[in-house]
Amino acid sequence: MPTVKIEAQISALDLLEAVQQLSQPELEQFIEQVLQFHAQKIAPSLSAKESELLIKINQDLPQELRELYQILLEKRERETLTESEYQQLLESTEQVEKYQAQRLEYLTQLAQIRQISLTNLITQMGLQPINND
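Now for a quick tour of the structure.

Thresholds applied
- Residues numbered from 1 in each chain as written.
- Predicted model: local features only at pLDDT ≥ 70, side-chain atom pairs only at ≥ 80, totals over all residues.
- Heavy atoms only, no water.
- Helix = DSSP H or I, 4+ residues; strand = E, 2+ residues; numbered from the N terminus.
- Buried < 20%, exposed > 50% of the residue type's maximum accessible area, 1.4 Å probe, protein only.
- Areas by Shrake-Rupley, 256 points an atom, 1.4 Å probe, with all protein chains shown as cover.
- Salt bridge = Lys/Arg side-chain N within 4 Å of Asp/Glu carboxyl O.
- Axes fitted to C-alpha atoms, helices over the stretch in contact; angles between N-to-C directions.
- Parallel < 35°, antiparallel > 145°, perpendicular 65-115°, else oblique.
- Left-handed = near helix turned anticlockwise from the far one by under 90°.
- Contact = heavy atoms within 4.5 Å.
- Nonpolar A, V, L, I, M, F, W, Y, C, P; charged D, E, K, R; others polar.
- Expected span 1.5 Å × (residues − 1).
- Core = buried A, V, L, I, M, F, W, Y, C linked by side-chain atoms within 4.5 Å.

1. Structural notes on the overall build of the protein chain
A tally of regular secondary structure across the protein chain gives 6 helices and 0 strands. In sequence order, the secondary structure elements of the protein chain are arranged as α-α-α-α-α-α. When each of the 133 residues of the protein chain is scored for burial, the buried share is 17%. Only carbon and sulfur atoms are counted for the fraction: they give 53% of the accessible area of the protein chain, which is about 10,500 Å².

Structure below.
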């Protein structure tokens, strides 16, 4: 793309007239750059702390724990838990609750950074509660 140094104030209309003089490939490249610039302007910029919190918030329970917990909940529902499985369920429940409490703490920190209520943040993020039944 040709380089032009402009040290004058020009109106948007004058700029548009200059853009009309670009070749098709130059115009496409220019439009792509304008769209990137536009996206940067309108997209909220995340701080490092926000990014870190979002990563932690979006981490799921370890698959092994999630599967074991679900199996034990189903056995409890069917009333077929053995005593050792009942102990596993208690331990798994404690781990799940710790995960949920930690996730809630991360959400609270993010809400504080963004200066919105926790309820609004959860709604904005489209989060659903984990079903422990």
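2. Notes on the pattern of salt bridges
Scanning the model with the defined rule gives 5 salt bridges in all. Between Glu 50 and Arg 114 there is a salt bridge whose closest N-O contact spans 2.9 Å. Note that Glu 50 is positioned in helix H3 (residues 48–57) and Arg 114 in helix H5 (residues 83–114), a separation of 64 residues in sequence. You can call Glu 50 buried: its relative accessible area is 9%.

3. Some details on the packing of H3 against H5
Contact geometry for H3 and H5: axes closest at 9 Å, N-to-C directions at 155°. The angle between H3 and H5 places the two elements in the roughly antiparallel class. Judged by the sense of rotation from one axis to the other, the crossing of H3 with H5 is left-handed. Residues Lys 49, Glu 50, Leu 53, Leu 54, Lys 56 and Ile 57 of H3 form the contact with H5, whose own contacting residues are Tyr 99, Arg 103, Tyr 106, Leu 107, Gln 109, Leu 110, Ile 113 and Arg 114. Residue classes in the contact of H3 with H5 are distributed as 8 nonpolar, 1 polar and 5 charged.

4. A short note on H5
Its 32 residues place the ends of H5 46 Å apart at the C-alpha level, agreeing with the 46 Å of an ideal helix rising 1.5 Å per residue. All of the buried residues along H5 are Glu 85, Leu 89, Ser 92, Val 96, Tyr 99, Arg 103, Tyr 106, Leu 107, Leu 110 and Ala 111. As for H5, its buried residues are in contact with H3, helix H4 (63–78) and helix H6 (118–125). Among the residues trailing H5, Gln 115 stands out with phi positive, at a value near 55°.

5. Some words on the environment of Tyr 86
As for its placement among the helices and strands, Tyr 86 is situated in helix H5. Under the relative-accessibility criterion, Tyr 86 is labelled partly exposed at 38%. Sequence separation between Tyr 86 and Leu 73 is 13 residues; the distance between their C-alpha atoms is 9.6 Å.

6. Let's talk about the environment of Ser 51
As for its position among the elements, Ser 51 is in helix H3. It is 9.5 Å that separates the C-alpha atoms of Ser 51 and Leu 110, two residues lying 59 residues apart in sequence.

7. Re the nonpolar core
Grouped together as the largest cluster of nonpolar side chains are 9 residues: Leu 53, Leu 54, Ile 57, Tyr 106, Leu 107, Leu 110, Ala 111, Leu 121 and Leu 127. Where this core is concerned, the elements lending two or more residues are H3 and H5. Here this core gets 4 residues from one element, more than from any other, and that element is H5. Those residues in contact with Leu 110 that sit more than four places away from it in its chain are Glu 50, Leu 53, Leu 54, Ile 57, Leu 121 and Met 125. Judged by nonpolar contacts, the second largest core, of 8 residues, contains Leu 61, Tyr 69, Leu 72 and Leu 73.

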